[in-house]
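In case you want the letters, here they are:
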Amino acid sequence: METVFFKGQACHTCGTVPSVGETAPCFHLAAADLSQVICSDFAGHKVVLNVFPSLDTPVCARSVRRFNEEASRIPDARVVCVSMDLPFAMGRFCTAEGISGLTVASAFRSPLFGQKYGLQLVDGPLAGLLTRAVLVLDENRRVIYREVVREITDEPDYEAALSALKG
């Protein structure tokens, strides 16, 4: 369990976030077109898992834009943006923003994602959604960078995540 904060109010997650050096659990999520996004789709690539509560907030939207802009320029790197938003909303967001260098993936029909990754909020105003976190996985799904953002309304440390991705 992690303790994070939403506008200063303590919130908790279920489970345990994978640590650096551990193999991240496989995931099955829904793409904007309702097809499956599966961990094996990214075999042989480094992956940024950009996890957040909802694209309907400015901070979450900024994180998607920033990772699209910067990480998509790194050869053999993939970015997967994960939230509980419906796939249709994620697709509309990417179309409106001109975002095409990453994968949006909804956990709306995959509650085990939040539990396996220890990122589902179990209390507080955002209970049921995912907390803000960035995990960078190597080509074998081993965690090489992990950040659970302490204050959900803050942006992640982009530079540290991108440095791990390039390393």
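Residues numbered from 1 in each chain as written. Predicted model: local features only at pLDDT ≥ 70, side-chain atom pairs only at ≥ 80, totals over all residues. Heavy atoms only, no water.

Enquirer: Looking at this model, I keep getting lost on the packing of helix H1 (residues 58–70) against helix H4 (residues 158–166). Mind explaining?
Expert: Pairs of packed helices are described in terms of their axes, by the angle between the two and the distance that separates them. The geometry of H1 relative to H4 is characterised by a closest axis approach of 12 Å and an angle of 35° between their N-to-C directions. Relative to H4, H1 is oriented so that their crossing is right-handed. On H4, the residues that touch Arg62, Ser63, Arg66, Phe67 and Glu70 of H1 are Tyr158, Glu159, Ala161 and Leu162. (Axes fitted to C-alpha atoms, helices over the stretch in contact; angles between N-to-C directions. Helix = DSSP H or I, 4+ residues; strand = E, 2+ residues; numbered from the N terminus. Left-handed = near helix turned anticlockwise from the far one by under 90°. Contact = heavy atoms within 4.5 Å.)

Enquirer: I tried to follow the nonpolar core on my own but got confused; where do I start?
Expert: Most often, soluble globular proteins have nonpolar side chains that are buried together. Phe27, Leu29, Leu49, Val82, Phe113 and Tyr117 are the most contacted members of the largest nonpolar core, which has 30 residues in total. Elements supplying a minimum of two residues to this core: strand E1 (3–6), strand E5 (46–51), strand E6 (77–83), strand E8 (133–137) and strand E9 (143–148). Apart from residues no more than four positions distant in its own chain, leucine 29 is found in contact with Ser35, Gln36, Val37, Val82, Ala105, Ser106, Ala107, Ser110 and Phe113. Core analysis: the second largest hydrophobic core is formed by 26 residues, Phe52, Ala61, Tyr158 and Leu165 among them. (Core = buried A, V, L, I, M, F, W, Y, C linked by side-chain atoms within 4.5 Å. Buried < 20%, exposed > 50% of the residue type's maximum accessible area, 1.4 Å probe, protein only.)

Enquirer: Can you help me understand a nonpolar patch on the surface in this one?
Expert: A surface patch of nonpolar side chains, amounting to about 360 Å² of accessible area, comprises Leu34, Leu86, Phe88 and Phe108. Looking at where leucine 34 falls in the secondary structure, it is placed in the loop between strand E3 (28–30) and strand E4 (36–38). Using a relative accessible area of 36% as the deciding quantity, one classes leucine 34 as partly exposed. (Patch = residues over 30% accessible without salt bridge, like charges linked within 9 Å, V, L, I, M, F, W, Y side chains within 5 Å. Areas by Shrake-Rupley, 256 points an atom, 1.4 Å probe, with all protein chains shown as cover. Salt bridge = Lys/Arg side-chain N within 4 Å of Asp/Glu carboxyl O.)

Enquirer: Please explain helix H2 (residues 87–97) as it appears in this structure.
Expert: Note on helix geometry: an α-helix contains 3.6 residues per turn, so any two residues three or four positions apart are oriented the same way. For H2, the full list of buried residues reads Pro87, Met90, Gly91, Phe93 and Cys94. Buried residues of H2, seen end-on, are gathered within an arc of 160° and therefore sit on one face of the element. Looking at H2, the residues exposed on the side facing more than 90 degrees away from the buried face are Arg92, Thr95 and Ala96. For H2, the secondary structure elements touched by its buried residues are E3, H1, E6 and strand E7 (103–106). (Arc of directions from axis to C-beta.)

Enquirer: How should H1 be read in this particular structure?
Expert: Its 13 residues give H1 an end-to-end C-alpha distance of 18 Å, which sits within 8% of 18 Å, the value for a rise of 1.5 Å per residue. Residues of H1 that are buried: Val59, Cys60, Ala61, Ser63, Val64, Phe67 and Asn68. (Expected span 1.5 Å × (residues − 1).)

Enquirer: Just to check I follow, could you spell out unusual backbone geometry for this structure?
Expert: Outside of glycine, negative phi angles account for most residues, and trans bonds account for most peptide bonds. Although it is not a glycine, lysine 7 sits at a positive phi angle of roughly 55°. In this structure, leucine 34 is a non-glycine residue whose phi angle is positive, near 75°.

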